[in-house]
Amino acid sequence: MSLSPFEHPFLSGLFGDSEIVELFSARADIDAMVRFETGLAQAEAQAGIIPEEAAEEIVSRLSDFAADMTALRHGVAKDGVVVPELIRQMRASVGGKAADRVHFGATSQDVIDTSLMLRLKAAAEIITARLGHLIDALGDLASRDGRNPLTGYTRMQAAIGITVAARAASWTAPLERHLLRLETFAQSGFVLQFGGAAGTLEKLGDNAAAVRADLAKRLGLADRPQWQSQRDGIVEFANLLSLITGALGKFGQDIALMAELGAEIRLSGGGGSSAMPHKQNPVNAETLVALARFNAVQISALHQSLVHEQERSGAGWMLEWMTLPQMVTATGASLLIAERLAGQIDRLGAKDG
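Cut-offs used in this document
Residues numbered from 1 in each chain as written. Predicted model: local features only at pLDDT ≥ 70, side-chain atom pairs only at ≥ 80, totals over all residues. Heavy atoms only, no water. Helix = DSSP H or I, 4+ residues; strand = E, 2+ residues; numbered from the N terminus. Buried < 20%, exposed > 50% of the residue type's maximum accessible area, 1.4 Å probe, protein only. Contact = heavy atoms within 4.5 Å. Lys, Arg positive; Asp, Glu negative; His and termini not counted. Charge placed at Lys NZ, Arg CZ, Asp CG, Glu CD. Expected span 1.5 Å × (residues − 1). Axes fitted to C-alpha atoms, helices over the stretch in contact; angles between N-to-C directions. Parallel < 35°, antiparallel > 145°, perpendicular 65-115°, else oblique. Left-handed = near helix turned anticlockwise from the far one by under 90°. Nonpolar A, V, L, I, M, F, W, Y, C, P; charged D, E, K, R; others polar. Pairing = 2+ DSSP bridges.

### What about the overall build of the chain?
And step 1. From N to C terminus, the chain includes 12 helices and 4 strands.
And step 2. Over its C-alpha atoms, taken along the principal directions, the chain stretches across nearly 75 × 40 × 35 Å.
And step 3. The burial tally for the chain puts 49% of its 353 residues in the buried class.
And step 4. Across the chain, contacts joining residues at least 24 apart in sequence account for 77% of those joining residues at least 6 apart.
And step 5. Here the chain carries 32 positive and 41 negative side-chain charges, and the mean point of each set is 5 Å from the other.

### Some remarks on helix H9 (residues 208-219)
And step 1. For H9, with 12 residues, the first-to-last C-alpha span of 17 Å sits near the 16 Å given by 1.5 Å per residue.
And step 2. Buried within H9 are the following residues: Ala208, Val211, Arg212, Asp214, Leu215, Ala216 and Leu219.
And step 3. Next to the buried residues of H9 lie helix H3 (26-46) and helix H7 (108-145).
And step 4. Positive phi appears at Gly220, one or two residues downstream of H9, with a value of about 70 degrees.

### Some words on the packing of helix H10 (residues 232-261) against helix H11 (residues 283-304)
And step 1. Running from N to C, H10 and H11 cross one another at 155 degrees; their axes reach a closest spacing of 7 Å. By the angle between their directions, the pair H10 and H11 is classed as roughly antiparallel. In terms of crossing hand, the pair formed by H10 and H11 is left-handed.
And step 2. Its residues assigned to classes, the contact of H10 with H11 shows 15 nonpolar, 9 polar and 1 charged.

### Description of the environment of Ala43
And step 1. Topologically, Ala43 is positioned in helix H3.
And step 2. Ala43 sits in the buried class, given a relative accessible area of 1%.
And step 3. Here Ala43 is in contact with Val211, Asp214, Leu215 and Arg218, once residues within four sequence places are set aside.

### Points about the pairing of strand S1 (residues 149-154)
And step 1. Inspection of the sheet shows S1 paired to strand S2 (residues 157-163) by 5 bridges, in the antiparallel sense. Looking across to S2, one finds that Pro149 is bridged to Thr163.
And step 2. Where S1 folds back onto S2 in an antiparallel hairpin, the turn is made up of 2 residues, including Arg155, whose phi is positive at roughly 55 degrees.

Encoded structure:
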């Protein structure tokens, strides 16, 4: 049993996205944190801050690192973050003189935020690919049925005749814009977090900028001075997610309304009813509407998380952990559902094409 519908034993059949969910698993999080620590050791060795042998030992010993999850849970309960206990375990795994070089100059937020960025970047690549596939699928529908007549509706009332192509354009055009926005964001939006205790990288001295740039390159992230209390980039990404699910919600709402009237759409594979066997409910269309509204609510929480006190906030930071993974998963699931729904549309318009 799970409190999240995205991982629930049976609700995940409706809302689930195993590919995205895996990116927010404890295993994926820890793997990304290990990438940060090994990359940091290599970058610091390159700058002569720690011995080359120490970096090699850290990389070797952490290559098959397996965390004690029970100890991590107890550590989070005490420290509020996983990193102090995680670093303790990593240092124990490395052992010897190299152990003290693990995490040198970094702080907990560096590890946690960079892990998030690595996984958001992977999620964005999945979402981008799915957006492209959906745009193509909707384009195929428009090519097949675009000339068919359709009743246009304004303010929920029949207006004048339009074509399927006109309605389909209202679905695809926003998705094309959101795809461009996402591709633009991906060019520099997934950023290394590396600032040390209070954002000054004081332990690295004159080498700070060089180490940060080297580490960013090793991890495939953009290089930028610390942003630990500046969360606008995360909220900008979340806003893109809400825009995408909002556009998909419009698609779902339109299909549900067309299915209600019935004459201008033929759908296959609708959901069954326990009381009315003749029904084919537009489940996928309804789910898109629900997920659009879900993300629209969550984005307000992330705007609240922008309020970080001084150099670091615990409360604002925690709010991100509770909200952002659900938004990413809702977006991934929406794209899967929308493509499935597009495949269920056997005809659009008032006559067969």
